[in-house]
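Overview (structure and organization)
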Amino acid sequence: MQNSEYSNDRIWTKEFVIIFMYHFIIMFAMYVSMVTIGSFAIDNYNASPSTAGLVASIFIVGVLAGRALTGQQINRLGARRILYIGTAMFFVTYCLYFIEGGLSLLIATRFLNGFATGLISTALNTLATISVPENRRGEGISYFSLSFVLGSAVGPFLGFLLAGSISYRMMLLLVAGMVLIVALTIPMVRTNNVKRPMKPTVRGFRMIDRDALPMGFSILFMGLAYAGILSFLNMYADEVGLVTAASFFFIVYAISITMTRPFTGRLMDQKGANIVLYPAFILMALGFFVLGSATTGVVLLASSVLIGFGYGNFQSVAQTVCVNLASRENVGLATSTYFIMLEIGLGFGPFFLGFLVPSLGYGGLYQFLVISILLAMGIFHVVYGRHESAEKRMSQQSLK
């Protein structure tokens, strides 16, 4: 009877599909620009490699700022209103790409467009979380987070593919057209996290949910490890002569996640987070160790499978844990907390990891990052894992 009720609670409703597609396109737009904007800055403004890196990475800082300022406002204004605001800001800031104003304007445009993307993504994640049945939340978030995975894999792949055949501004126009088409479907989304007007409070500004924050440190260390792949994989592949295999790394990574997400999401709903996350930590640690010792393309791609099974499933389940730790009215704030901690690791990690490369090398760095993954697992165990096991035992005893 329980399984029947479980299957009758639909996840893939019209609203969920719209939210999924919008998030996929906005993540696709983000990653297309990130992998191509550096070359554009060098070719058109004679930017140095370090300045070109700033042009690319300042977008993440904008996303982080958008998420930080959005978490509490979603509780006051509602996710749907934030979505409209973010969408309008996205197109306004996107127009700045087509104005010739030098590197300073380009950097400012990247930050502002990233800020708008942060608003949109946080609103969409909140809407997705509350649009799925509560008893299938883990599975629903697992499905929805595929929009991020696919966008972050397809975006770089097509970005590199199109960069050689069309101009950068033509690419911007194509991406803007895709965002516009999916943005026109927003009025069909009726879900919202605010059911009635809320009176202003005097509690002050909050961008972090205190209940979800301890889990956030586990997320930060996992993001720090993954930042090593985003930042240094191409250089490592060039060093060991595996550039061709590395070009397929994220595609294989995305396929691995797509194969497992539906299964692991349902498993979390029925058995809890521990049964998914502990193996995810171990598989990711193993994947980094294998990556650091790769000498052939097969070994490199095998590491991408392990990391996909590990980090890919960690992302969705960790987001669900943050939401479950928070009170019901703070779903948006907990979602924002998850992404803020993740993007602190992803955004600032490369700066600190870069200091380790001269002494460890790229391969040594990946194997060193196993420590970061194990530290993340230890934090998770302390703040959540051991308590879930205790709650299960108490629940089983009460049923006897």
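An unreviewed UniProt entry annotates the protein as MFS transporter originating from Salinicoccus bachuensis. Of the protein, the UniProt comment under Subcellular location (unreviewed entry) reads exactly: "Cell membrane".

Some points on helix α5 (residues 102-131)
With 30 residues, α5 should cover 44 Å at 1.5 Å per step; its first-to-last C-alpha distance of 43 Å lies within 8% of that length. Among the 30 residues in α5, 21 count as buried, and that is most of the element.

Thoughts on the nonpolar core
Core analysis: the biggest nonpolar cluster contains 118 residues, and Y22, I229, F288, Y311 and F314 have the highest contact counts within it. Tallying contributions element by element places helix α2 (residues 14-45) first for this core, with 18 residues. The contacts of Y22, once residues within four sequence positions are left out, are L83, T87, I120, L124, V179, V182, A183 and I186.

Overview of the packing of helix α8 (residues 213-240) against helix α11 (residues 274-292)
Relative orientation of the contacting elements α8 and α11 amounts to 25°, with a least axis distance of 12 Å. When the interaxial angle is binned, α8 and α11 end up roughly parallel. Like other packed secondary-structure pairs, α8 and α11 cross with a definite hand, here left-handed. Contacts between α8 and α11 involve M215, S218, M222, A225, Y226, I229, L233 and Y236 from the first element and L277, F281, M284, F288, L291 and G292 from the second. Grouping the constituent residues of the contact of α8 with α11 by class yields 12 nonpolar, two polar and no charged.

Looking at a nonpolar patch on the surface
Together, F98, M170, L173 and L174 line one region of the surface with nonpolar side chains, adding up to about 360 Å² of accessible area. Take L173: it is sitting in helix α7 (residues 168-183). You can call L173 partly exposed: its relative accessible area is 49%.

Concerning the pattern of salt bridges
When charged atoms on two side chains of opposite charge get close, those side chains can pair. Following the criterion strictly, the structure yields four salt bridges and no others. The salt bridge involving E343 is made with R67; its shortest N-O contact spans 2.9 Å. With E343 in helix α13 (residues 331-353) and R67 in helix α3 (residues 49-77), this residue pair connects regions lying 276 residues apart in the sequence. For the pair shown, E343 and R67 are each scored as buried. Two residues, E139 and R136, come together in a salt bridge whose shortest N-O distance is 2.9 Å.

Section: the packing of aromatic side chains
Both the distance between ring centres and the angle between the ring planes are used here to describe each pair of aromatic rings. Evaluation of the coordinates by the stated rule reveals 23 aromatic pairs. Note on F288 and Y366: the rings are 6.1 Å apart at their centroids and 70° apart in plane angle, and the pair reads as edge-to-face. Of this pair, F288 sits in helix α11 while Y366 sits in helix α14 (residues 357-368), placing them 78 residues apart in sequence. Given the relative accessible area of 0%, F288 is considered buried. Counting every residue linked through ring pairs, the aromatic cluster contains Y226, F249, F250, Y253, Y278, F281, Y311, F314, F380 and Y384.

Description of the environment of F98
Tracing the backbone through its elements, the reader meets F98 in the loop between α4 (79-95) and α5. A relative accessible area of 34% means that F98 is categorised as partly exposed. Remark: the alpha-carbon pair of F98 and L172, spanning 74 residues in sequence, is separated by 9.1 Å. Here F98 is in contact with R169, L172 and L173, once residues within four sequence places are set aside.

Some details on the side chain of S145
Within the fold, S145 resides in helix α6 (residues 137-163). A relative accessible area of 8% means that S145 is categorised as buried. Apart from residues no more than four positions distant in its own chain, S145 is found in contact with R261 and S316.

Cut-offs and rules
- Residues numbered from 1 in each chain as written.
- Predicted model: local features only at pLDDT ≥ 70, side-chain atom pairs only at ≥ 80, totals over all residues.
- Heavy atoms only, no water.
- UniProt positions renumbered as here; feature names shortened; annotations may be inferred.
- Helix = DSSP H or I, 4+ residues; strand = E, 2+ residues; numbered from the N terminus.
- Expected span 1.5 Å × (residues − 1).
- Buried < 20%, exposed > 50% of the residue type's maximum accessible area, 1.4 Å probe, protein only.
- Core = buried A, V, L, I, M, F, W, Y, C linked by side-chain atoms within 4.5 Å.
- Contact = heavy atoms within 4.5 Å.
- Axes fitted to C-alpha atoms, helices over the stretch in contact; angles between N-to-C directions.
- Parallel < 35°, antiparallel > 145°, perpendicular 65-115°, else oblique.
- Left-handed = near helix turned anticlockwise from the far one by under 90°.
- Nonpolar A, V, L, I, M, F, W, Y, C, P; charged D, E, K, R; others polar.
- Patch = residues over 30% accessible without salt bridge, like charges linked within 9 Å, V, L, I, M, F, W, Y side chains within 5 Å.
- Areas by Shrake-Rupley, 256 points an atom, 1.4 Å probe, with all protein chains shown as cover.
- Salt bridge = Lys/Arg side-chain N within 4 Å of Asp/Glu carboxyl O.
- Phe/Tyr/Trp six-rings, centres within 6.5 Å; stacked < 30°, edge-to-face > 60°.

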